[in-house]
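# What the coordinates show
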Amino acid sequence: MTTEPDVLDAERAFEAELLQAQWLLPTLGAGVTGTGVAMEAVIQGLQRLARDRVARHLPRPGALQSVRFPPVNGRSMLERTDYVASFPQLLGTVDVFSGDTKDHRRLLADREAGLPWDGHLHTSDYALVPAACHPLYAWLSQVNAATVDGTVWTITGDCFRNEPSPDPMRLVSFRMLEFVLVGSPEQAVAHRTAMLELGQGLLAGLGLAVTVEGANDPFFGRAGVMLAKGQRAAELKFEITTEIYPGRNTAISSGNYHEDHFGAEFDLRTPDGSVAHSACFGFGLERIALALARTHGTDLRTWPESVRDLLGLDAA
Ligand code: ATP
Ligand code: ZN
Ligand code: MG
């Protein structure tokens with residue numbers, strides 16, 4: 001059995017190694033890191049490999065559509081996705097200053113006096129995006145139903161979750177590469193199943209020892225316990241995990257079937273008029289890169305040739 005201090009020591013030692021090798025570049029925010037040259041080459045390779053594999057797996061050419069959304073969306077998105085109800089502990093909104101010069105002078109006076117100055121700001125209508133697929137539903141709700149036809153969308157999104165941790169595997173801002181299908185229930189379930197299999201094969205092919213496990217989201221509070229149980233019982237969420245620290249598995253990817261959760265809230269309808277179901281599969285790009293560093297080391301030159309080939313590292 002691993003004890004708590006051992007876990008913390010292992011996390012800190014891994015973080016120190018990654019900082020030393022300049023895989024992680026420190027910033028001024030706890031739990032927020034930049035990505036160094038080698039780690040970024042791995043992440044770019046992962047994205048190419050995953051998109052190529054998924055595109056080849058889909059039945060018709062052009063069925064994979066790549067879109068991009070910024071890390072900021074309207075604050076109402078947190079309400080519409082139920083994030084504010086289910087995960088208040090993780091969300092982040094954007095504060096702004098909209099005072100006049102007098103207000104600014106008051107702010108500066110507080111700052112010069114060494115007092116907190118954030119009280120001069122107020123919450124804006126903007127929020128940070130917590131999951132790469134959420135902006136997609138908000139967009140699809142504003143276009144016509146012809147696009148809700150089982151197309152698979154791919155998005156790399158910057159995600160914010162207020163969960164600072166000494167563990168470099170748990171960042172406050174990270175990238176998720178998602179493959180999202182909005183369509184019929186059958187299409188959504190089939191997508192989730194196929195993606196879990198494809199993801200597992202891809203990660204195993206990179207030399208990672210992976211396991212697929214039933215999982216639940218960290219729903220907040222006492223009511224959350226019931227929601228988590230329900231999610232597990234209905235087998236809505238699966239994670240692909242790997243052992244980074246002895247005796248403890250970390251999720252590096254996840255496959256989720258949302259039933260009609262987003263379809264109903266965003267009024268997404270399939271061409272025949274029924275409420276759409278959705279499923280998404282997310283590769284945690286930093287987590288996978290760090291799992292690879294854990295397995296093969298931080299020096300890319302010593303990685304197995306097959307892995308270097310898959311990730312196109314020779315060109316990097
Ligand atoms: P965990 O169980 O570790 O809290 P999660 O279940 O909340 O993760 P998802 O919401 O399913 O994660 O997100 C999809 C993927 O994004 C995860 O499988 C993981 O690889 C990655 N991810 C999630 N949270 C973080 C984080 N704080 N830092 C880095 N990557 C993350
Ligand atoms: Zn998603
Ligand atoms: Mg989880």
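What comes next is a walk through the structure. Worth saying up front: this structure is predicted, and the values here are computed from it rather than measured.

### Things to note about the coordination of the zinc ion (ligand 2)
For the zinc ion (ligand 2), the full set of protein donor atoms is Cys133 (SG), Glu178 (OE), Glu178 (OE) and Cys280 (SG), at a range of 2.2 to 2.7 Å. Written as a sequence motif, the donor residues of the zinc ion (ligand 2) are C-x44-E-x101-C. Here Glu178 lies in strand E8 (residues 173-183) and Cys133 lies in the loop between strand E6 (122-128) and helix H6 (134-140), a separation of 45 residues in the sequence. You'll find Cys133 and Glu178 in the same group, each marked buried.

### Brief notes about the sheet that holds strand E5 (residues 93-96)
Taken in spatial order, the three strands make up an open sheet running E4-E6-E5, and their pairing is antiparallel. Of all the strands in the sheet, the pair left with one neighbour each is strand E4 (72-74) and E5. Strand-to-strand twist of the sheet, defined as the mean angle between neighbouring strand axes without regard to direction, takes the value 50°.

### So, the layout of surface pockets
Quantified by volume, the largest pocket comes out at close to 1,300 Å³. Taken together, 47 residues make up the lining of the largest pocket; nearest its centre are Arg161, Asp217, Pro218, Lys237 and Ser254. Listing elements by their share of the lining of the largest pocket, those giving two or more residues are helix H4 (83-86), E8, helix H8 (221-233), strand E10 (237-245), strand E11 (248-259), helix H9 (261-265), strand E12 (277-284) and helix H10 (285-296). Examining the composition of the lining of the largest pocket, we find that 10 residues originate from one element, E11, more than from any other. Its residues assigned to classes, the lining of the largest pocket shows 19 nonpolar, 15 polar and 13 charged. By volume, the second largest pocket amounts to about 210 Å³. A per-element tally of the lining of the second largest pocket places helix H7 (residues 185-205) first, with four residues. The residue makeup of the lining of the second largest pocket, split by class, is seven nonpolar, four polar and two charged.

### Observations regarding the site of ligand 1
The environment of ligand 1 is made up of 15 residues, and the closest members are Glu163, Leu171, Lys237, Ser254 and Arg287. Contacts to ligand 1 include Ser253, whose backbone N or O atom sits 3.3 Å from an oxygen atom. Here Ser254 contributes a side-chain N or O atom positioned 2.6 Å from an oxygen atom of ligand 1. Within the complex, 91% of the 590 Å² of free accessible area of ligand 1 lies under protein. Of all the cavities here, the one that holds ligand 1 is the largest pocket. In terms of residue count, E11 provides more of the shell around ligand 1 than any other element does, four residues in total. Looking at the shell around ligand 1, its residues break down into six nonpolar, three polar and six charged.

About the cut-offs
Residues numbered from 1 in each chain as written. Chains lettered and ligands numbered in written order. Predicted model: local features only at pLDDT ≥ 70, side-chain atom pairs only at ≥ 80, totals over all residues. Heavy atoms only, no water. Donors = N, O, S within 2.8 Å, 3.2 Å for Na, K, Ca; no water. Helix = DSSP H or I, 4+ residues; strand = E, 2+ residues; numbered from the N terminus. Buried < 20%, exposed > 50% of the residue type's maximum accessible area, 1.4 Å probe, protein only. Pairing = 2+ DSSP bridges. Axes fitted to C-alpha atoms, helices over the stretch in contact; angles between N-to-C directions. 1 Å grid on protein atoms, 1.4 Å probe; cavity = no way out; pocket = protein on both sides within 12 Å on 5 of 7 lines; lining within 4 Å. Points joined across faces, edges and corners; volume = space filled by probe spheres on them. Nonpolar A, V, L, I, M, F, W, Y, C, P; charged D, E, K, R; others polar. Near = heavy atom within 4 Å. Polar contact = N/O pair within 3.5 Å; in protein donor to acceptor, adjacent residues only side chain to side chain. Areas by Shrake-Rupley, 256 points an atom, 1.4 Å probe, with all protein chains shown as cover. Sits in = over half its atoms within 2 Å of the grid points.

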